[in-house]
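Summary of structural features
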Amino acid sequence: SRHSCLTNCTFAHTCCSQIVGLNVFRSVVVIRKGTVAVVERKGKFLRVLQPGFHVLVPFLERLHTLRWRWTETYTNTSGEDVSQCHEAPTDRIDLREQIMDFGVQRISSRDNVELMIQPVILYKLVDPVRVCYEMYDLVHALDKLMQTSLRAVVGDMSLDDTLASRDDVNSSVMRALSKTARNWGVEIVKLEIVSIQPMATIQEAMHKQLAAERTRRAEIVAAQGYREQERLKAEGAMHGRVTVSKGEQATAVLLARGTADARRKIVAAEAESVRLVGAALTDFGVEPTQYMIGMKYIETFRNIASKAARRILHL
């Protein structure tokens with residue numbers, strides 16, 4: 001009996017020593033750069049551990065543990081995007097910038113068109129105390145806040161406005177998200193919309209509309225080209241006619257000038273011949289006009305005789 005009591009005491013002492021040694025070992029904490037930890041004493045917040053070597057008071061102090069979830073998005077063998085959520089407890093708070101993918105969100109626009117929107121945020125934890133105590137499930141809260149903010153912004157916009165104003169959607173959702181997230185110790189650095197896709201029927205209708213618009217533009221361009229071609233042809237024909245008429249006018253002017261010059265020269269020659277004949281007939285007492293009339297009479301008589309086989313002349 002005494003031996004068994006001694007054995008039990010030894011076992012209890014060994015167990016206590018191991019428990020104490022384990023707690024002492026767990027009291028030694030090393031915080032890496034870029035992370036912090038929150039220390040609690042008797043269930044109350046005590047301090048924030050910065051990067052470095054720290055020793056906690058055994059049995060009185062412990063690190064606060066929070067739930068952290070993250071989502072991984074990958075493409076399966078069918079080509080579809082699949083999101084998988086993981087959850088794990090952690091006592092370290094990472095202060096570096098991180099990316100949170102919310103997966104595809106189904107949002108209805110103002111004109112009742114269902115859109116599949118995939119938002120992504122770049123964030124960082126700036127207040128470890130608020131991260132630990134303001135919200136129990138921070139990731140889930142950010143997810144729901146993102147859904148409500150997207151519904152509020154996209155629900156007031158039409159399909160065309162949503163597709164054409166992605167930057168406006170980003171800025172509006174980021175303002176709504178940042179205001180609440182800062183109260184939880186989270187700073188939203190940037191928000192981006194990865195994709196905005198309407199339903200398959202709407203996409204098909206948009207493709208048909210785009211094809212019709214392209215066809216209409218092509219027909220307009222062809223009609224404008226044909227109109228320009230006809231206009232240039234008409235202008236060419238007009239310029240050709242103008243050029244021809246100007247050429248004919250110039251030819252007629254030159255012909256008239258040539259005829260006038262020829263007549264002037266003929267008249268001048270005849271006047272010179274009359275003067276010479278008159279000068280030659282002065283000695284014989286004959287007037288130049290009588291001589292010219294005689295010459296015309298002889299020439300006329302010659303023409304009459306040469307152009308008829310038989311003529312009767314009365315002299």
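That block above? That's the structure.
Quick look at the structure, then.

Criteria and cut-off values
Residues numbered from 1 in each chain as written. Predicted model: local features only at pLDDT ≥ 70, side-chain atom pairs only at ≥ 80, totals over all residues. Heavy atoms only, no water. Helix = DSSP H or I, 4+ residues; strand = E, 2+ residues; numbered from the N terminus. Buried < 20%, exposed > 50% of the residue type's maximum accessible area, 1.4 Å probe, protein only. Contact = heavy atoms within 4.5 Å. Areas by Shrake-Rupley, 256 points an atom, 1.4 Å probe, with all protein chains shown as cover. 1 Å grid on protein atoms, 1.4 Å probe; cavity = no way out; pocket = protein on both sides within 12 Å on 5 of 7 lines; lining within 4 Å. Points joined across faces, edges and corners; volume = space filled by probe spheres on them. Polar contact = N/O pair within 3.5 Å; in protein donor to acceptor, adjacent residues only side chain to side chain. Salt bridge = Lys/Arg side-chain N within 4 Å of Asp/Glu carboxyl O.

**Here we look at the overall build of the protein chain**
Broken down by element type, the protein chain carries 7 helices and 12 strands. In the protein chain, which comprises 315 residues, the share counted as buried stands at 23%. When contacts within the protein chain are restricted to residue pairs at least 6 apart in sequence, long-range pairs at least 24 apart make up 59% of them. Accessible area for the protein chain stands at about 22500 Å²; split by element, carbon and sulfur atoms hold 58% of it.

**Digging into the layout of surface pockets**
What the second largest pocket holds in volume is close to 170 Å³. Around the second largest pocket, the lining residues are Leu159, Asp160, Leu163, Ile202, Ala205, Met206, Gln209 and Leu210. Of all the elements in the fold, those that place two or more residues in the lining of the second largest pocket are helix 4 (159-164) and helix 6 (200-281). Element by element, the count of residues in the lining of the second largest pocket is highest for helix 6, at 5 residues.

**Regarding the side chain of Asp94**
Summarising the element assignment, Asp94 is placed in strand 8 (residues 93-94). The class for Asp94 is buried, based on a relative accessible area of 19%. Here Arg96 takes part through its side chain, which lies 2.7 Å from a polar atom of the side chain of Asp94. Contacts of Asp94, omitting those with residues within four sequence positions, involve Gly34, Thr35 and Leu125.

**With respect to the pattern of salt bridges**
The full count for this structure, using the stated rule, is 14 salt bridges. The partner of Arg41 in a salt bridge is Glu61, and the shortest N-O contact between them spans 2.2 Å. You can see Arg41 sitting in strand 2 (residues 35-41) and its partner Glu61 sitting in strand 5 (residues 61-63), a full 20 residues away along the chain. Its relative accessible area of 9% is what places Glu61 among the buried residues. With its nearest N and O atoms 1.9 Å apart, the salt bridge here joins Asp261 to Arg264. With a gap of 3 residues between them, Asp261 and Arg264 both fall in helix 6, about one helical turn apart. Classification of Asp261 as partly exposed rests on a relative accessible area of 34%. One network of salt bridges, in which partners are shared, links Arg41, Arg47 and Glu61.

**A word on unusual backbone geometry**
Positive phi values are uncommon outside glycine, yet Lys42 reaches one of about 55°. Structurally, Lys42 can be placed in the loop between strand 2 and strand 3 (44-49). Residue classification places Lys42 among the exposed positions, given a relative accessible area of 70%. The backbone of Asn112 shows a phi angle near 60°, a positive value even though the residue is not glycine.

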